[in-house]
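A structural walkthrough
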Amino acid sequence: MSPTLSAEFATAFPELGVPWQAERAPDPRLLILNEALATELGLDPARLGGPDGVALLTGATPPAGARPVAQVYSGHQFGSYAPRLGDGRALLLGELRHPDGSLRDLHLKGSGRTPFSRGGDGLAAVGPMLREYVIGEAMHALGIPTTRALGVVATGRAVQRESPLPGAVLARVARSHLRVGTFQYAAVNGDRDLLQRLVDHAIARHHPQAAGAATPALGLLEAVTEAQADLVAGWMLVGFVHGVMNTDNMTISGESIDYGPCAFMDAFDPATVFSSIDHAGRYAYGNQPPIAEWNLSRFAETLLPLLDDDQDKAVEIAVEALSRFRTRYATGWVRGMRAKLGLSAQVPQEQAHPLIDDLLPLLAANSVDFTSFFRRLAAAARGDAEPVRGMVLDLAGIDAWLDRWRALQPDPDAMDAVNPVYIPRNHRVEEALDAATDGDLGPLERLVAAVRSPYVERAEHAAYADPAPDGNVGYRTFCGT
Ligand code: AMP
Ligand code: MG
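Reading the values: the criteria
- Along each chain, residues carry numbers from 1 onward, in the same order as the chain's sequence is written.
- Here chains are named by letter from A upward and ligands by number from 1 upward, in the order in which they appear as written.
- Selection of residues for local features in this predicted model requires a pLDDT of at least 70, selection of side-chain atom pairs for listing and counting requires 80 or more, and totals for whole chains, interfaces and linings are taken over all residues.
- Side-chain figures throughout are based on the complete set of non-hydrogen atoms in the structure, without hydrogens or water.
- Centre distance within 6.5 Å is the pairing criterion for rings of Phe, Tyr and Trp, where only the six-membered ring of Trp is used; planes under 30 degrees apart are then read as stacked, over 60 as edge-to-face, and the remainder as tilted.
- Relative accessibility under 20% of the residue-type maximum defines a buried residue, over 50% an exposed one, and the middle range a partly exposed one, all with a 1.4 Å probe and only protein chains included.
- To sit over a ring, a charge needs its Lys NZ or Arg CZ within 6 Å of the ring centre and within 35 degrees of the ring normal.
- In this listing, donors mean N, O and S atoms no farther than 2.8 Å from the metal, or 3.2 Å for Na, K and Ca; water is missing from the atoms, so a site can look incomplete.
- Each nonpolar core is a collection of buried residues, namely Ala, Val, Leu, Ile, Met, Phe, Trp, Tyr and Cys, held together in the definition by side-chain atoms within 4.5 Å.
- The helix and strand labels rest on DSSP assignments: H or I over at least four residues marks a helix, E over at least two residues marks a strand, and numbering proceeds from the N terminus.
- How far each domain reaches was decided by an automatic or database domain assignment.
- Orientation is described by lines fitted to C-alpha atoms, with helices fitted over the stretch in contact, and by angles between N-to-C directions that extend from 0 to 180 degrees.
- Reported orientations rely on four angle classes, namely roughly parallel under 35 degrees, roughly antiparallel over 145, roughly perpendicular from 65 to 115, and oblique for the rest.
- Contacts: residue pairs with any heavy atoms within 4.5 Å of one another.
- As a working rule, the residues Ala, Val, Leu, Ile, Met, Phe, Trp, Tyr, Cys and Pro are called nonpolar, Asp, Glu, Lys and Arg charged, and the rest polar, with Gly in that last group.
- When the near helix sits turned anticlockwise from the far one by under a right angle, the crossing is termed left-handed; a clockwise turn instead gives a right-handed crossing.
- Any Lys or Arg side-chain nitrogen found within 4 Å of a carboxyl oxygen on Asp or Glu counts as a salt bridge.
- Proximity criterion: a residue is near a molecule or strand once any of its heavy atoms comes within 4 Å of it.
- Within 3.5 Å is the distance limit for a polar contact, defined as a pair of N or O atoms, with the added protein rule that one can donate a hydrogen and the other accept it, and that residues adjacent in sequence qualify only through two side-chain atoms.
- Residue burial considers only the protein chains on display, and all accessible areas are found by Shrake-Rupley using a 1.4 Å probe.
- Buried area: the sum, over both parts, of the accessible surface (1.4 Å probe) that disappears when the two are put together.
- Patch membership needs two things, relative accessible area over 30% and no salt bridge, and members are linked within 9 Å if like-charged or within 5 Å if nonpolar (Val, Leu, Ile, Met, Phe, Trp, Tyr).
- Under this rule, positive means Lys or Arg and negative means Asp or Glu; His and the chain ends count for nothing.
- A charged residue contributes its charge at one atom only: NZ of Lys, CZ of Arg, CG of Asp or CD of Glu.
- Strand pairing is assigned whenever DSSP identifies at least 2 bridges connecting the two strands.
- What a helix should span is 1.5 Å times the count of its residues minus one.

**So, the packing of aromatic side chains**
Following the criterion strictly, the structure yields 13 aromatic pairs and no others. Between Phe-373 and Phe-374, the aromatic rings sit 5.4 Å apart at their centres with planes inclined by 90 degrees, giving edge-to-face as the arrangement. Note on accessibility: Phe-373 and Phe-374 belong to one class, buried. Within the aromatic cluster, the residues linked to one another by ring pairs are Phe-268, Tyr-285, Phe-370, Phe-373 and Phe-374. One cation-aromatic arrangement involves Arg-282 over Trp-294; the distance from NZ or CZ to the ring centre is 4.8 Å.

The following block contains the structure:
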């Protein structure tokens, strides 16, 4: 099992990667392999699941051509700038060539200490790495750009957290690991040549349409702004809370990355926060669009020297480019909400907008489960409003809203195609990760099977459709575990 990896990033950016080796896993055991992704990449799942494949997935035997590096980057963490973060427990093994011609990073997480580990042990536990697997597959199935896990291997080494936990390595596939923080690192060191090379690399790899722009750095800023606006609109439409939108966790490609303290919201509430360390609610559900915009401003700052020699002029150009975020986000959100409500193109915006704007406070005031509401709403379009009425205490409010909505002749089949039955519900994720930590992968496999086909209701996955009995009140997630 030796896929060919290239070392494009390592070669092009020696100043952004330290050649490094994964720590040896004492007793590696494959926990889960993403056969669909392997096949998509042209890899043989059977060989990937064998001893050579496991050696690849843990970094024990980097394939021919690979020159693994720990990448360096900066980042604003909860608003505070950290000039030198980098892969403290991760490695870029190299790039794979997707059959469509584009490159994919093959990256390890939990692969041991590096020069960027600071106080950390460089390791990861089984539960959080499997969480990345599940959430990535769910996001992919929901049509939201995301990094994906190729596999998770238990290392046979215990990881000390609050208690000792079984350790694991995640093999992750991404369009790249270029982050806003990568550009921040280049900019803070005042290296204009490096910055220009990063811009050219990012354009070639992710946003080729920007290559023809009069100022390519501006073309890149505009393209990344739009990609991030689309991404966050996608999150908001499924009730996803990333939880740690630091600038080092925001990709230039526009893929979601680093599923740490993330979770899907149950009852609709813009203030929803799950992360145990997000005391101020900086990364609450409803704050995600303005935070993405804030992160993009940090990205724009790094590009100023390439936008214009006159600093004031450069700022003016950047501000103008960033203004695209709000229109692009609003367009994506409204388009998505119209689809969730089954409204045809004939319904004018003057009718759709107030309908959307009036629904959200109703959901919030009645603590309505976000995912179930939209799915059950299709029944109301088919003539049975009881499933949604049963979720709302304010019956007069929902009835008045339903009358206005039904007058627009919503299409229930179109709604079923965009409103998921199955998302990785928090109580099911916890149940699956707990069982896997104790050695039983059955619940995880069933959960993955449910979320991989989110729109088609299936009797055997019924248990995965329901909200938690207690609505997950007080549910907390943890970072960097
Ligand atoms: P994250 O919030 O998971 O994206 O991580 C933020 C930073 O902390 C990154 O530079 C990580 O590499 C680093 N980090 C997280 N957990 C560990 C760990 N257990 N050991 C070393 N570094 C870590
Ligand atoms: Mg990160």
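Resuming the write-up.
**Focus: the coordination of the magnesium ion (ligand 2)**
Ligation of the magnesium ion (ligand 2) by protein atoms is provided by Asn-249 (OD1) and Asp-258 (OD), these donors lying 1.9 to 2.1 Å from the ion. Comparing Asn-249 with Asp-258, the two get one shared label, buried.

**Remarks on the nonpolar core**
Residues Leu-150 and Leu-377 are the most contacted members of the largest nonpolar core, which totals 122 residues. Top element by residues in this core is helix α8 (residues 216-238). It accounts for twelve residues. When we break this core down by domain, the ones giving at least three residues each are domain 1 (8-174) and domain 2 (180-338). Grouped together as the second largest cluster of nonpolar side chains are 28 residues, Ala-124, Leu-130, Tyr-422 and Ala-432 included.

**Comments concerning the packing of α8 against helix α9 (residues 288-307)**
At a minimum axis separation of 10 Å, α8 and α9 run at an interaxial angle of 170 degrees. Between α8 and α9, the crossing angle belongs to the class labelled roughly antiparallel. Contacts between α8 and α9 involve Ala-217, Leu-218, Leu-220, Leu-221, Val-224, Thr-225, Gln-228, Val-232, Trp-235 and Met-236 from the first element and Gln-288, Pro-289, Ala-292, Leu-296, Phe-299, Ala-300, Leu-303, Leu-306 and Leu-307 from the second. Looking at the contact of α8 with α9, its residues break down into 16 nonpolar, three polar and no charged.

**Remarks on the packing of α8 against helix α11 (residues 324-340)**
Direction vectors running N to C along α8 and α11 enclose 35 degrees, while the axes themselves pass 8 Å from each other. Pair α8 / α11 crosses with right-handed handedness. Taking contact as the criterion, the partners of Glu-222, Thr-225, Glu-226, Gln-228, Ala-229, Asp-230, Val-232, Ala-233, Met-236 and Leu-237 in α8 are, on α11, Arg-324, Phe-325, Arg-328, Tyr-329, Gly-332, Trp-333, Gly-336, Met-337 and Lys-340.

**Brief notes about unusual backbone geometry**
The phi torsion at Arg-118 lies on the positive side, around 45 degrees, for a residue other than glycine. You can see Arg-118 is positioned in the loop between β7 (103-109) and α5 (126-141). A relative accessible area of 55% places Arg-118 in the exposed class. The backbone of Gln-409 sits at a positive phi, close to 55 degrees, despite the residue not being glycine. The residue Gln-409 is located in the loop between α15 (395-406) and α16 (412-416) in this model. Residue classification places Gln-409 among the exposed residues on the basis of a relative accessible area of 67%.

**Looking at the pattern of salt bridges**
Throughout the structure, instances matching the rule amount to 32 salt bridges. For Glu-15, the salt bridge goes to Arg-197, with nearest N and O atoms at 2.5 Å. Here Glu-15 is found in the loop between α1 (8-12) and β1 (17-19), whereas its partner Arg-197 is found in helix α7 (residues 192-206), with 182 residues between them in sequence. A relative accessible area of 27% places Arg-197 in the partly exposed class. Note that Glu-137 is salt-bridged to Arg-452, the shortest N-O span being 3.1 Å. You can see Glu-137 sitting in helix α5 and its partner Arg-452 sitting in helix α18 (residues 442-452), a full 315 residues away along the chain. We classify Glu-137 as buried; its relative accessible area is 2%. By sharing partners, the salt bridges in this structure join Glu-222, Glu-226, Asp-230, Arg-324 and Arg-328 into a single network.

**Here's the deal with the site of ligand 1**
Looking at ligand 1, there are 17 residues lining it, with Gly-86, Gly-88, Gly-122, Asn-249 and Asp-258 nearest. In the model, an oxygen atom of ligand 1 is placed 2.7 Å from a nitrogen or oxygen of the Gly-88 main chain. Asn-249 has a polar side-chain atom sitting 3.0 Å from an oxygen atom of ligand 1. For ligand 1, whose free accessible area comes to 490 Å², the fraction covered by protein is 86%.

**Topic: the domain arrangement of the protein**
Domain annotation of the protein identifies domain 1 (8-174) and domain 2 (180-338). Between the C-alpha centres of domain 1 and domain 2 the distance comes to 23 Å. Contacts between the two partners involve 33 residues from domain 1 and, on the opposite side, 35 residues from domain 2. Carbon and sulfur atoms make up 63% of the area that domain 1 and domain 2 hide from each other, which totals about 2,900 Å².

**Concerning a negative patch on the surface**
On the surface, Asp-309, Asp-310, Asp-312, Glu-316 and Glu-320 cluster together to form a negatively charged patch. Mapped onto the secondary structure, Asp-309 falls in the loop between α9 and α10 (311-322). Exposure remark for Asp-309: the relative accessible area of 74% places this residue in the exposed category.

**A word on the pairing of strand β6 (residues 90-97)**
Burial analysis of β6 places seven of its eight residues in the buried class, which makes it a mostly covered element. For β6 and β7, the ladder comprises seven bridges, and the chain directions are antiparallel. Residue pairing in the sheet places Arg-97 in a bridge with Leu-103 of β7. Counting the residues between successive antiparallel strands, the hairpin from β6 to β7 contains five residues, one of them, Gly-101, with a positive phi of roughly 100 degrees.

**Some thoughts on helix α17 (residues 426-437)**
The terminal C-alpha atoms of α17, which comprises twelve residues, lie 16 Å apart, in line with the 16 Å expected from a rise of 1.5 Å per residue. Of all the residues in α17, the buried ones are Asn-426, Arg-428, Val-429, Ala-432, Leu-433, Ala-435 and Ala-436. Phi for Gly-439, located one or two positions after α17, is positive at around 100 degrees.

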